[in-house]
Amino acid sequence: MKMSKMYIRTLREAPAEAVVPSHILMLRAGMIRKIVSGIYGFMPLGYRVLRKVENIVREEMDAAGGQEILMSALQPAELWQESGRWGDYGPEMWRIKDRNGREFCLGPTHEEIFTDIIRNEVSSYRQLPVNLYQIQHKYRDEARPRFGLMRSREFVMKDAYSFDRDEESLNESYQNMYDTYTRIFNRCGLEFRPVEADTGAIGGSASHEFQALTENGESTIAFCEKCDYAATDESAVCVDAPASNEEMLPLEKKSTPGTKTIEAVANYLDLPQSRTIKALLYETYDEEGSVTGYVAAFIRGDRQANETKLINALGINEYQLAFANEEKMAAVTGCVGGFTGPKGLHDCKIIVDSELPGLRNLCAGANEADCHYINMNYGRDYEADMIVNFKLVGEGDVCPECGAPLKFKRGMEVGQVFKLGTKYSKAMGAVYKDENMKEHEIVMGCYGIGVTRTLSAIVEQHHDDNGIIWPVSVAPYHVIVTVVKQKDEEAMDLADRLEKELSAKGVEVMVDDRDERPGVKFKDADLLGIPVRITVGKKAAEGIVEYRLRTDDQSVELPVGEAVAKAAAFISEGLSH
RNA sequence: CGGGGUGUAGCGCAGUUUGGUAGCGCAACUGGUUUGGGACCAGUGGGUCGCGGGUUCAAAUCCUGCCACCCCGACCA
């Protein structure tokens, strides 16, 4: 297509509102436009890229046995009330009413809708397994939309749901999607890592996030350089320190005036912090926010707690746990702020980190002002209501798989796969009959890809100071033919020939025939990130053009025919993986 | 939701301290000269200075309420 006929508007300067490269460059290239905070429109070139990514997703999902459908974005409250999530979802859900006052939401996700479809239509094991997906706008009223398409309130998502007769079959469906996602993100040209993710209060049995590696990502992932282990920082497993074989020494109470922190008490008693026990005091709440009880969690003094793991162990939602009001808690449990220890506490749940029972002769608060015990040992001196591994992983901690040190990197979550189990089928009555006419709940999985977010990730990973560098697979056009003197008929004829011959080979071509100076055209070509540039310039009359890749800074002169062949080969190679 | 910042032409900004009725660069339009990495000259158009209230002879500027946008944090099936 001729650029003089295209609707394209590039910006020389970056809008002040954008701070990360993907946002800045997509705005500058005129690919997206902000409508309001967290809501973006796609302009012609941006929409072409979006459709390319969608089509990669579509092809791979279809190849994996998924079937595409399209449900409504607007969903009735009733379905969410059935699953129990109308109340759970919170302020992120856009809720609206129709003219009669009936409640709806703009779908933030579609488990309810898909489960509803399936329960009405599936009744036999013979109809399973099923994998349905859609590509559609999702709506989440984010507390803080950010970084353009990276975290927006309206975004395009591919969401797939699998329905299986049992866990074993689910495992196959899950692995199938895991492999499919790997192919999709490879084809999008992303450097990514699948990582183990927290399954949270939703109660699924396994989940992986697909994290595109980028400095501007919002997630932190822990990974092992030696083996394949990788997990989000919250779900990464921190290995217990090896059990000690020291003799138990007699418990002794020490006066430790004013030592309210681990650091202070360790210094005062001249102990390493790894020989102390830290207390973390929490209140738990019911759904209405009333205090339901107290939790004292104990962990080695040099460790950090991972509250997500505590929450999961307690089987509550994250809003149901918060640091305690120590004065109130002291009245009930006997704890003493700054001097709390596991010995002598009452009327609260005592959670002990999994490595403490194996450690000997530790120092802990005595539940008495200005006093600590030393030589405290699990079993002899204190016991737990629950033993939980709730340590937060730190960089350098040992890999739970192979023992090598863990490293941290930043990532952007572009996809997620989740074994849901029967949460929704149970709540909504999605059942099938087996060979013996016995009813079972359908076992579900769900699988999401943030399509618009994937665009951000691609640009974050593929750009330079001059602009975007699209991978061939998602580039809005494959080749840009830059005509230096568009008024020169010979040059325009040559450009037309390039366009025609390349198009005939399935290559997508844009011809910059605009009445602009060459510098402007070159700058725009770089900004737009078209993978191949063919310049029709000085030697147009001789049928010689210049061929250059967006990733190179040198061009080569070639006869037109060769340039066509070379570009076509390069594009076909780029599309083949 | 807490903390911070910003709102002046399509984009980037100055002007606000010290009140006097709005300016610069880019972009756009016209004409001319140019033409290989964001040209030059001359001219033109474009603004309820985020919105409301107040002070004042006079408000972009001072006071006040609200709104929007951005950043950090909290949050993120």
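Residues numbered from 1 in each chain as written. Chains lettered and ligands numbered in written order. Predicted model: local features only at pLDDT ≥ 70, side-chain atom pairs only at ≥ 80, totals over all residues.

## A few points about the sheet that holds strand 20 (residues 386–388)
- Spatial strand order, 16-14-15-17-20: five strands in an open sheet with mixed pairing. The open sheet is flanked by strand 16 (321–323) and strand 20, the only strands paired with a single partner. Each strand axis lies, on average, 30° off the axis of its neighbour in the sheet, ignoring direction.
- Bridge count for strand 14 (residues 277–285) against strand 16 is three bridges, and the pairing is antiparallel. Considered in strand 16, the bridge of tyrosine 282 is made with phenylalanine 323. (Pairing = 2+ DSSP bridges. Helix = DSSP H or I, 4+ residues; strand = E, 2+ residues; numbered from the N terminus. Axes fitted to C-alpha atoms, helices over the stretch in contact; angles between N-to-C directions.)

## Examining the protein's contact with RNA strand B
- Around RNA strand B, the surrounding shell holds 39 residues, and the nearest of these are Ala16, Ser37, Arg144, Gly519 and Gly537.
- Considering each element in turn, the surface near RNA strand B owes the most residues, eight residues, to helix 13 (residues 518–528).
- Tallied by class, residues from the surface near RNA strand B come to 15 nonpolar, ten polar and 14 charged. (Near = placed C-beta within 6 Å. Nonpolar A, V, L, I, M, F, W, Y, C, P; charged D, E, K, R; others polar.)

## Quick word on the packing of helix 2 (residues 44–63) against helix 11 (residues 451–461)
- As a packed pair, helix 2 and helix 11 sit with axes 10 Å apart at the nearest point and diverge in direction by 110°. When the interaxial angle is binned, helix 2 and helix 11 end up roughly perpendicular. Judged by the twist between their axes, the crossing of helix 2 over helix 11 is right-handed. Contact residues: helix 2 offers Val49, Leu50, Val53, Glu54 and Val57, while helix 11 offers Val451, Thr452, Thr454 and Leu455.
- Taken together, the residues that form the contact of helix 2 with helix 11 break down as six nonpolar, two polar and one charged. (Parallel < 35°, antiparallel > 145°, perpendicular 65-115°, else oblique. Left-handed = near helix turned anticlockwise from the far one by under 90°. Contact = placed C-beta atoms within 7 Å.)

## Quick look at the domain arrangement of chain A
- According to the domain assignment, chain A consists of domain 1 (13–237 + 407–459), domain 2 (252–388) and domain 3 (477–575).
- The straight-line distance from the C-alpha centre of domain 1 to that of domain 3 is 39 Å. (Domains from an automatic or database assignment.)

## A look at the sheet that holds strand 6 (residues 103–106)
- One open sheet accounts for three strands, arranged 4-6-5; its pairing is antiparallel. Each of the sheet's edge strands pairs with one partner strand only, and the pair in question is strand 4 (74–76) and strand 5 (94–97). Going from strand to strand, the sheet's axes swing by 35° on average, the running direction of each strand aside.
- Judged from the four bridges that link them, strand 5 and strand 6 form a sheet pairing that is antiparallel. Of the residues in strand 6, the one forming a bridge with isoleucine 96 is phenylalanine 104.

## Considerations on the nonpolar core
- Formed by 94 residues in total, the largest nonpolar core has its most connected members in Val53, Val479, Val481, Val509, Ile534 and Ala567.
- Top element by residues in this core is helix 2. It accounts for seven residues.
- Three or more residues apiece are contributed to this core by two domains, here domain 1 (13–237 + 407–459) and domain 3 (477–575).
- Residue contacts for valine 479: discarding those within four places in its chain leaves Leu502, Val507, Val509, Ile530, Val532, Ile534 and Ala567. (Core = buried A, V, L, I, M, F, W, Y, C linked by C-beta atoms within 7 Å. Buried ≥ 20, exposed ≤ 12 C-beta atoms within 10 Å, placed from the backbone.)

## Description of the environment of leucine 281
- Mapping leucine 281 onto the fold places it in strand 14.
- Sequence spacing of leucine 281 and asparagine 100 is 181 residues, and the spatial spacing of their C-alpha atoms is 48 Å.
- Excluding residues that lie within four positions of it along the chain, leucine 281 makes contacts with Ala296, Phe323, Ala324, Glu326, Met329, Cys335 and Thr340.

## Here we look at helix 12 (residues 489–504)
- With 16 residues, helix 12 ought to run about 22 Å at 1.5 Å a step, and its terminal C-alpha atoms sit 22 Å apart, in line with that.
- Those residues of helix 12 lying buried are Ala491, Leu494, Ala495, Leu498, Glu499 and Leu502. Taken end-on, helix 12 shows its buried residues confined to a sector of 140°, consistent with a single buried face. When the buried face of helix 12 is taken as reference, the exposed residues oriented beyond 90 degrees from it are Glu489, Asp493, Lys500 and Ala504.
- In this fold, the buried residues of helix 12 make contact with strand 27 (479–483), strand 28 (509–512), strand 29 (532–536), strand 30 (544–549) and helix 14 (560–575).
- Glycine 506 sits one or two residues past helix 12 and shows a positive phi near 80°. (Expected span 1.5 Å × (residues − 1). Arc of directions from axis to C-beta.)

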